[in-house]
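Structure at a glance
The residues making up each chain are set out below.
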Amino acid sequence: MCVKKAIPAGDVIASRLGDVLGRGAVLTGDAIGPEYRCDESLHGSPAEPAAVLRPGSTAEVSAAVKAAAELSVPVTARGAGTGLSGACVPVAGGVVISFERMAAVLEIDDANHVAVVQPGLTLAELDARTRGHGLVYPVFPGTSAATLGGNVATNAGEVIRSGRFVKNATGYDLTQLITGSEGTLALVSEATLRLHPRLTATASLLAPFGSVDDVARVIPQIVTSGLQPMICEYIDRGTMTGLLRASDLRLGIPAQVAARTGAYLVLVLESRTAERLADDVADAAARLGEAGAYDVYVLLEGQGADLLAAREQAFWMVKAAGADDLIDMVVPRSRIPEYLRRVQELARQHGSRVFGCGHAGDGNIHFPVYEPDERKRSGLLQDIFAMGVSIGGAISGEHGIGRAKKRYYQALEDPAKLALQRRIKAAFDPAGVLNPGCVFDLAEAGPAATSMR
Ligand SMILES: Cc1cc2nc3c(=O)[nH]c(=O)nc-3n(C[C@H](O)[C@H](O)[C@H](O)COP(=O)(O)OP(=O)(O)OC[C@H]3O[C@@H](n4cnc5c(N)ncnc54)[C@H](O)[C@@H]3O)c2cc1C
């Protein structure tokens with residue numbers, strides 16, 4: 001039977017948690033800024049927490065979660081709030097644990113290529129610190145304002161590990177279980193990250209193709225070539241036009257080529273020496289040419305960086321253009337052409353507009369959806385997800401399920417797998433207070449499901 005508990009009043013929560021953390025670490029009332037109520041997802045309602053907790057140590061995080069569990073108060077961890085699935089939107093009347101006071105690099109271990117960091121550190125700050133060591137944390141999501149805690153919780157980059165060793169066969173891999181769990185199983189108070197040597201010779205290639213289909217066909221060839229591009233992205237013609245216009249960028253592509261182009265492939269190659277890089281560039285250019293690229297442009301150093309910076313603005317561009325949702329399905333690379341084609345067919349059938357660009361090298365395609373009618377949009381998303389799953393894909397490659405995609409996830413995921421996940425959730429979070437309503441519906445999240453919201 002489901003035990004329904006009401007959340008205690010806000011002043012009770014603030015007083016009890018103030019006792020645990022000290023009054024200065026607890027924000028209430030007007031001190032809670034609007035940024036703590038939402039993330040960057042394109043729709044969904046903000047929610048007002050009773051308190052924002054800002055712990056300063058692992059011990060304080062632990063004490064805060066323990067006190068919240070005793071009070072049956074929902075706890076939502078928050079990094080930078082750049083998430084795109086509503087995962088860090090709090091439960092109304094619950095608490096937010098914000099890691100802004102835990103943002104230190106604790107250690108960079110050059111010998112083992114490891115960094116030990118606190119969860120509130122941003123990717124930009126980590127990159128600045130590793131640079132001087134000739135090392136890099138090679139996870140470059142579209143925003144470097146994201147925190148490492150948020151990256152772990154959304155599995156942005158899949159590079160977390162829990163020791164300084166390079167392999168491990170010691171019991172269940174709990175690290176991978178926590179990774180991507182969106183704050184529903186545990187809070188990350190420290191992370192040990194694998195670093196890589198920072199390669200200095202890099203080149204950005206831009207290849208225009210006649211159609212998205214042509215680009216999609218060349219991607220598996222590039223991936224299996226051994227070139228190991230650091231970035232392999234496709235940008236469709238409409239998105240590229242918008243990006244160049246928005247960033248006032250000129251790449252020197254002749255107008256007659258641009259006019260025939262349906263989509264572009266962007267490759268960033270890197271190597272230890274300029275000679276090796278030159279070999280790889282020649283190899284990539286030959287492959288792209290054979291696959292039907294109209295031409296291959298090796299961008300000047302500044303142009304390459306500017307194009308990537310512009311690409312990072314793609315989300316803000318589609319948001320400004322009024323996109324109503326964002327799909328980030330991942331499909332097997334060999335099925336990308338079929339997926340792209342069928343998404344467009346479904347969009348036409350529903351009378352909605354869908355454009356795209358994406359991390360094509362890993363089969364993760366980002367589609368902004370322009371359909372203001374919520375019922376129609378939901379039907380379109382359901383059909384796209386069902387089609388993608390039927391060809392071996394998964395609903396989210398990196399943005400997560402959060403609150404935004406959970407209804408599709410519940411509808412399309414294997415019921416046996418969902419049941420197992422609920423049991424795992426209950427084992428980690430018996431009080432059912434960790435980010436309820438995220439991934440699962442509130443009533444299904446754990447044994448102490450509540451009547452909130
Ligand atoms: C412009 C733009 C581009 C983006 N591009 C990419 C991209 O290319 N690839 C990609 O993967 N993502 C991308 N994202 C999404 C987002 O940046 C990532 O999901 C990122 O990992 C979120 O980090 P955050 O610190 O903002 O986390 P938040 O949004 O604050 O939280 C995200 C989730 O992590 C949980 N969480 C946060 N901190 C902790 C912690 N310490 N312990 C436990 N749980 C925690 C939250 O509860 C929530 O469930 C993009 C977002 C934007 C706005």
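Before reading further, recall that the structure is shown in the block above.
Bear in mind the structure is a predicted one, so any value in this text is a computation, not a measurement.

**Quick word on the nonpolar core**
- L205, L265, L288, I327, Y339 and F367 are the most contacted members of the largest nonpolar core, which has 52 residues in total.
- Tallying contributions element by element places helix α12 (residues 336–350) first for this core, with six residues.
- Ignoring anything within four residues of it in the chain, the contact list for L205 reads L265, V266, L267, L269, V281, A284, A285, L288, V296, Y297 and V298.
- By size, the runner-up hydrophobic cluster in this structure holds 23 residues, among which are A25, A67, A68 and L71.

**With respect to the layout of surface pockets**
- A volume near 340 Å³ is recorded for the second largest pocket.
- Forming the walls of the second largest pocket are 18 residues, and the residues nearest its centre are S41, H43, G44, S45 and R403.
- Of the residues contributing to the lining of the second largest pocket, the split by class is five nonpolar, seven polar and six charged.

**So, the site of the ligand**
- Residues in close proximity to the ligand total 34 residues, the closest being A77, G79, T82, T147 and T154.
- In the environment of the ligand, an oxygen atom lies 2.7 Å from a nitrogen or oxygen atom belonging to the side chain of T82.
- Here a nitrogen atom of the ligand sits 2.8 Å away from a polar atom, N or O, in the side chain of E398.
- Protein contacts shield 98% of the accessible area of the ligand, which totals 970 Å² for the unbound molecule.
- Mapped onto the shell around the ligand, the elements with two or more residues apiece are β3 (75–78), α4 (148–154) and α11 (314–320).
- Take the shell around the ligand: its biggest share by element is five residues, from α4.

**Structural notes on the sheet that holds strand β2 (residues 51–53)**
- Taken in spatial order, the four strands of this open sheet run β1-β2-β4-β3, and their pairing is mixed. Looking at strand neighbours, the two that pair on one side only are β1 (26–27) and β3, the edges of this open sheet.

Calculation rules
Residues numbered from 1 in each chain as written. Predicted model: local features only at pLDDT ≥ 70, side-chain atom pairs only at ≥ 80, totals over all residues. Heavy atoms only, no water. Core = buried A, V, L, I, M, F, W, Y, C linked by side-chain atoms within 4.5 Å. Buried < 20%, exposed > 50% of the residue type's maximum accessible area, 1.4 Å probe, protein only. Helix = DSSP H or I, 4+ residues; strand = E, 2+ residues; numbered from the N terminus. Contact = heavy atoms within 4.5 Å. 1 Å grid on protein atoms, 1.4 Å probe; cavity = no way out; pocket = protein on both sides within 12 Å on 5 of 7 lines; lining within 4 Å. Points joined across faces, edges and corners; volume = space filled by probe spheres on them. Nonpolar A, V, L, I, M, F, W, Y, C, P; charged D, E, K, R; others polar. Near = heavy atom within 4 Å. Polar contact = N/O pair within 3.5 Å; in protein donor to acceptor, adjacent residues only side chain to side chain. Areas by Shrake-Rupley, 256 points an atom, 1.4 Å probe, with all protein chains shown as cover. Pairing = 2+ DSSP bridges.

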